[in-house]
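Structural overview
For reference, the chains in residue letters:
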Amino acid sequence: MPLPTDTVLDRFLRYVVIDTQSDGSSTTQPSTQKQLTLGRVLEQELRALGLDDAHLDEHGNVYATLPANTEKQVPAICFCSHMDTAPDFSGTNVKPQIVRNYQGGDIRLTGDTSRVIRVDEHPDLKDQIGHDIVTTDGTTLLGADDKAGIAEIMTAAQFLLAHPEIKHGPVKILFTSDEEIGRGADKVDLEKLGAAFGYTLDGSTLGEIQSENFSADGVTIEIAGVAIHPGTAKDRMENAIKIASAIIARLPQDQAPETTEGRQGFIHPVGISGAMEGARISFIIRDFEEKGLVEKEDLLKAITQDVLKNYPGSTCNIQVKEQYRNMKSVLDRHPEVMDNLMEATRRIGLEPKIDAIRGGTDGARLSFMGLPCPNIYTGGHAYHSPLEWISVQDMQVAVTAIVELIKVWEERAAA
């Protein structure tokens, strides 16, 4: 049976129209059953390529192996992307549009013409002259995060199978669910995966490599106020809604997501709910250093206690939950992972740009689970928004990067 000959664009267009948004309020994994729809498609496509061990597990993770074709002792390398799209904007009824042979200028979207991908807001468009640009119609996000990564991994696997003269060690493929809600690695079975090192395909601009990410905690503050009938409340009522509002009002403005960049961390309220007698505030705390996390959490606790001085009958409960940590500490112990990636990137004509993610990826969690795993570029831009876009030619470069990286690992392995 002949191998499929789908291009990276064929696959990408096929995947993005499948709604796979995850749901942070769900307690199951996958958090949405619709993620399994894409998982089944990928399982079938991997089997069509001849990867007989390809399977979708009950948690929405897809595993497969491209067997080694070299006698060298090459470590098993994993390539990973996530199937879900972000809950930030609708991913239902995606209508991808292709701007062929882009010649510059702003791109007005066809489904909602008030939405425009402007060059002054997306300067990377200046490097895309002559490329074919895939966008949405403006009514949904596109899903290049991370279906571009999936399409690129699948196309690289197809290429290697079609070119057995390219020697390589075992290549493991992993597609995860629920990455966008912070659970992508929760149910990954590393023993079953059987990889020594990994790479997530979940980055953006070509050449950008992330070997460092925010460390992250979640903080919940629960406030118990004093509920009294408003008609007899003078000097007695302590309204938990007002207490919560006072805490948020005292947050330092220079430690917010909207006022920070680079290596600056932040305190970010992401949810507030309650009534007079009780309220709850949810925060995410981010910093590249664990010391910075602790300082921000201590500041939040101090603000809360200071606000409560004005409400002597009220109490609070503060809970801190670790979410993920900076993968740099793990990757520094395995320099070959980054060295091989940088070599492969240079071989395909790109100058690697080492960057730090102001967020997290599956790779951060996987690194601490025992699979050192930096993040590679896919070519996508403006993720989590209706202005999301990607170049077809950049996706093809990412495919080439995967193949070259696999070759570098084989070349540098002991005979």
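The preceding data block contains the structure.
Summarised in this report is the structure supplied together with it. (Residues numbered from 1 in each chain as written. Predicted model: local features only at pLDDT ≥ 70, side-chain atom pairs only at ≥ 80, totals over all residues. Heavy atoms only, no water.)

This brings us to the overall build of the protein chain. When helices and strands are tallied, the protein chain shows ten helices and 18 strands. Since a compact globule built from 415 residues should have a radius of gyration of about 22 Å, the 24 Å found for the protein chain is in line with a globular shape. For the protein chain, the spread of C-alpha atoms along the three principal axes comes to 85 × 50 × 40 Å. With 415 residues in all, the protein chain has 54% of them scored as buried. (Helix = DSSP H or I, 4+ residues; strand = E, 2+ residues; numbered from the N terminus. Rg over C-alpha atoms; globule rule 2.2 N^0.38 Å. Buried < 20%, exposed > 50% of the residue type's maximum accessible area, 1.4 Å probe, protein only.)

Counting 64 residues, the largest nonpolar core has Phe12, Leu46, Phe79, Phe175 and Tyr199 as its most contacted members. The dominant element in this core, judged by the number of residues it contributes, is helix 10 (residues 392–411), at ten residues. Among all residues touching Tyr199, those that are not within four sequence positions of it are Ile77, Cys78, Phe79, Cys80, Val337, Asn340, Leu341, Cys373, Pro374, Ile376, Leu405 and Trp409. If you look at the next biggest cluster of nonpolar residues, it comprises 18 residues, including Ala244, Ile285, Leu300 and Val307. (Core = buried A, V, L, I, M, F, W, Y, C linked by side-chain atoms within 4.5 Å. Contact = heavy atoms within 4.5 Å.)

Judged by pairing direction, the sheet is antiparallel, and its four strands sit side by side in the order 12-13-11-14 without closing on themselves. Only two strands of the sheet have a single neighbouring strand rather than two, namely strand 12 (266–275) and strand 14 (315–324). Averaged over all adjacent pairs, the angle separating strand axes in this sheet is 15°, with direction ignored. Sheet topology note: the strand 11 (residues 215–224)/strand 13 (residues 278–287) ladder contains ten bridges and is antiparallel. By the bridge assignment for strand 13, Glu222 is matched with Arg280. (Pairing = 2+ DSSP bridges. Axes fitted to C-alpha atoms, helices over the stretch in contact; angles between N-to-C directions.)

Sheets are built from strands that pair by backbone hydrogen bonding, the pairs being arranged parallel or antiparallel. In space, the four strands of this open sheet follow the order 4-7-18-17, with antiparallel pairing throughout. The sheet is open, and its two edges are formed by strand 4 (97–99) and strand 17 (380–381), each paired on a single side. Two elements, strand 4 and strand 7 (residues 133–135), share three bridges in a ladder whose sense is antiparallel. Bridge pairing in strand 7 places Val99 opposite Ile133. Of the strands in this sheet, strand 7 and strand 18 (389–391) are in contact with helix 10, which crosses strand 18 at around 65°.

Let us now look at the packing of aromatic side chains. In total, this model carries four aromatic pairs according to the counting rule given. Aromatic side chains Phe214 and Phe266 sit 5.5 Å apart centroid to centroid with 90° between the ring planes, which places their arrangement in the edge-to-face category. Here Phe214, found in the loop between strand 10 (208–213) and strand 11, pairs with Phe266, found in strand 12; they are 52 residues apart in sequence, far enough to count as distant. Given a relative accessible area of 0%, Phe214 falls into the buried group. Among the residues examined, Phe266 registers a relative accessible area of 9% and is labelled buried. Judged by centre distance (4.6 Å) and plane angle (35°), the ring pair of Phe214 and Phe288 falls under tilted. (Phe/Tyr/Trp six-rings, centres within 6.5 Å; stacked < 30°, edge-to-face > 60°.)

Within the secondary structure layout, Ile303 lies in helix 6 (residues 290–308). Setting aside its immediate chain neighbours within four residues, Ile303 contacts Ile247, Arg250, Leu251 and Pro252.

With six of six residues buried, strand 8 (residues 171–176) lies mostly within the body of the structure. Neither face of strand 8 is exposed, since Val171, Ile173 and Phe175 on one face and Lys172, Leu174 and Thr176 on the opposite face are all buried. Taken together, the five bridges between strand 2 (residues 62–66) and strand 8 define a ladder with antiparallel strand orientation. Each bridged residue has a counterpart across the sheet, and for Ala64 the counterpart in strand 8 is Ile173. Sheet analysis places strand 3 (residues 77–82) next to strand 8, joined by six bridges and oriented parallel. Counterpart to Cys78 in the pairing with strand 8 is Lys172.

As a further point, take the environment of Ile221. One can find Ile221 in strand 11. Accessibility expressed as a relative area gives 0% for Ile221, which makes it buried. Taking the C-alpha atoms as reference points, Ile221 and Ile247, separated by 26 residues in sequence, lie 9.8 Å from one another. Setting aside anything within four residues of it in sequence, one finds Ile221 in contact with Ala279, Arg280, Ile281, Phe283, Leu300, Thr304, Asn317 and Ile318.

Looking at the secondary structure, you find Thr135 in strand 7. What makes Thr135 buried here is its relative accessible area of 1%. The residues touching Thr135, leaving out its near neighbours within four places in the chain, are Lys95, Pro96, Gln97, Ile107, Leu109, Ile117, Leu142, Glu388 and Trp389.

Before going further, it helps to examine helix 3 (residues 144–162). When the terminal C-alpha atoms of helix 3 are compared, their 26 Å separation across 19 residues agrees well with the 27 Å that a helix rising 1.5 Å per residue should span. The buried fraction of helix 3 is high, at 16 of 19 residues. (Expected span 1.5 Å × (residues − 1).)

Of all the ten residues making up strand 11, eight are buried; the element is thus mostly covered by neighbouring parts of the structure. Relative to strand 14, strand 11 runs antiparallel, the two sharing nine bridges. For Thr220, the partnering residue across the bridge sits in strand 14 and is Gln319.

We now examine the pattern of salt bridges. A complete count under the given rule lists 24 salt bridges for this structure. Residue Asp287 is joined to Lys296 by a salt bridge in which the shortest nitrogen-to-oxygen separation is 2.7 Å. The same class applies to Asp287 as to Lys296, namely buried. The salt bridge partner of Arg412 is Glu343, with a shortest N-O separation of 3.8 Å. With Arg412 in the segment after helix 10 and Glu343 in helix 8 (residues 335–347), the pair connects residues that are 69 residues apart, well separated along the chain. A network of salt bridges, in which partner residues are shared, links Glu343, Arg347, Glu404, Lys407, Glu411 and Arg412. (Salt bridge = Lys/Arg side-chain N within 4 Å of Asp/Glu carboxyl O.)

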